[in-house]
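Fold and geometry: a report
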Amino acid sequence: MTNTAKVDVLLGLQWGDEGKGKIVDVLAPKYPVIARFQGGPNAGHTLEFENKKYVLHTIPSGIFHQNAVNIIGNGVVIDPVTLQLEISKTGLSFEHIYKSLLISRKAHLILPSHRLLDFAMEQIKGEAKIGSTLKGIGPAYTDKYARAGLRIGDIEFPTFIENYEKLKKNHIQQAEYLNCKLNDFVVDNGSFSDYEKRWFDSIEYLKKLQFIDSEVYVNALLEKGMPILAEGAQGSLLDVDFGSYPFVTSSNTVAAGACSGLGIAPSKVGKVYGIFKAYCTRVGSGPFPTELFDEVGQKMRDIGREYGSTTGRPRRCGWLDLVALKYAVVLNGVTDLIMTKSDVLSSFETLKICTSYIFNGKEIDFIPYRIEEKMLQPVYKVVPGWLNDITNCRDYNDLPANLKEYVRFIEEFVNVPVKIISTGPDRTEIIYK
Ligand code: GDP
Ligand code: IMO
Ligand code: MG
């Protein structure tokens, strides 16, 4: 009992794309096991090393390390087509994938008709659309909670096709009710039936991989003293309970999601690494108090290469929002902060940090229940930029004084230390404080 190891959780504190993939890849050598606990192919986690760039959607970001075991937990929703494609794009051998990638039998499947429904539901919303990645995430989680979903483990049973057909029929009826016809639906540049064929081919491929009862497996590893790094997807402000509902994703992206998404008790959680960008971005619709609509925002987008890793959409950009960051830090019980993309701000003469909002004429230090357009104005502290290239810096002491002051201000505001600073997309561009 005394040797029981912990699960350290790593998650995004903003609206996703904080650099989780890169940081998991950096921390992976310290962990024999990396596990994803929620989300699905709506995620796009970028890793860069040896002049190559990889984008992972479902596979945990420890996959490139020789001895790491990578688990796709029960809380994840899996699209077999995306997963197979992703595996092939890693360029890793089948032997490596077979031994390094384990999939929970209890993870739910995203059916082609979940993607049809996602599209139909967004279309009917018109102006109020969420800006979903249209990967079928919402409908797959809906079926999970409606106790109608199909899981990875079901693939192994002879009733699989029959149950698939029943669910598909139901989805097509729902889509028709939403004025969306199967024959008009284009998915991955092809017809539904082409995609469905690929989907079944990928199901056959998945059968060659290892399916596990991941909650049993994970707890046994902990008993053996093997620490696990749980990799979150999306960000806390997209959490289905605590994000800017309804402009959220359909899973619990906060630390609590790691417990239900992997089957571990809260007492097993060790550190909670919270990642944030030195500024903010958001892709898709929904409130974003510090959003910039001018050339300053465009400059952030250009320098930070702020285009979605999954959809290629331009990301909305804005100043760092400490009210929102503090909210996320508290919800997750963050123990260690990690700041990414500090290098992107290196050429800005002055920087703004949001420390409160004006809401209905009053200054507030929390995110209100409902934010209508223009109801909320950020209050900023203006600070001098560092105007120094920091990409080659590897020692915290060598960082410009104004950047260290920026970090100190954040730490004091949210009351958690910043332990790691990322200064570029590559694995080597990292500073431990
Ligand atoms: P994730 O979804 O949280 O894994 O993040 P994404 O991969 O979607 O987006 C983060 C983007 O920023 C990717 O293109 C990364 O390669 C890149 N990135 C990560 N950390 C840094 C950093 O410190 N500086 C810069 N310039 N880019 C970074
Ligand atoms: P990673 O893990 C950024 C956003 C979508 C949309 C909303 C709902 O790479 O940080 P969904 O497809 O879940 O129905 O979309 O959530 N979204 C993300 N934004 N990064 C992500 O993942 C995201 N996953 C979903 O843009 O606004
Ligand atoms: Mg991403």
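Structure shown above.
Just so it is clear, the structure is predicted and the values come from calculations on it, not from any experiment. (Residues numbered from 1 in each chain as written. Chains lettered and ligands numbered in written order. Predicted model: local features only at pLDDT ≥ 70, side-chain atom pairs only at ≥ 80, totals over all residues. Heavy atoms only, no water.)

1. Quick word on the pattern of salt bridges
The final tally for this structure, using the stated rule, is 22 salt bridges. We note a salt bridge from Lys20 to Glu18, for which the minimum N-O separation is 2.8 Å. On the basis of relative accessible area, Glu18 is assigned to the buried category, the value being 0%. Between Arg105 and Glu156 there is a salt bridge, with the nearest N and O atoms lying 3.1 Å from each other. One end of the pair, Arg105, is in the loop between strand S7 (101-104) and strand S8 (108-109); the other, Glu156, is in the loop between helix H5 (137-145) and helix H6 (160-177), with 51 residues separating them in the sequence. The partly exposed category is assigned to Arg105, whose relative accessible area is 26%. The exposure class of Glu156 is partly exposed, given its relative accessible area of 44%. Via salt bridges that share partners, Asp17, Lys277, Glu306, Arg315 and Lys341 belong to a single interconnected network. (Salt bridge = Lys/Arg side-chain N within 4 Å of Asp/Glu carboxyl O. Buried < 20%, exposed > 50% of the residue type's maximum accessible area, 1.4 Å probe, protein only. Helix = DSSP H or I, 4+ residues; strand = E, 2+ residues; numbered from the N terminus.)

2. Brief notes about the environment of Arg282
Assignment of secondary structure puts Arg282 in strand S12 (residues 280-282). Of the residues examined, Arg282 reaches a relative accessible area of 1% and is grouped as buried. With 42 residues separating them along the chain, Arg282 and Val240 place their C-alpha atoms 16 Å apart. Not counting chain neighbours up to four residues away, the residues in contact with Arg282 comprise Trp15, Leu238, Ser244, Phe247, Pro287, Phe288, Arg315 and Arg316. (Contact = heavy atoms within 4.5 Å.)

3. Description of helix H4 (residues 112-125)
Given a rise of 1.5 Å per residue, 14 residues ought to cover 20 Å, and the 21 Å separating the end C-alpha atoms of H4 matches this to within 8%. Taken together, the buried positions of H4 are occupied by Pro112, Ser113, His114, Arg115, Leu116, Leu117, Asp118, Ala120 and Glu122. Positive backbone phi, approximately 60 degrees, marks Gly126, located one or two places after H4. (Expected span 1.5 Å × (residues − 1).)

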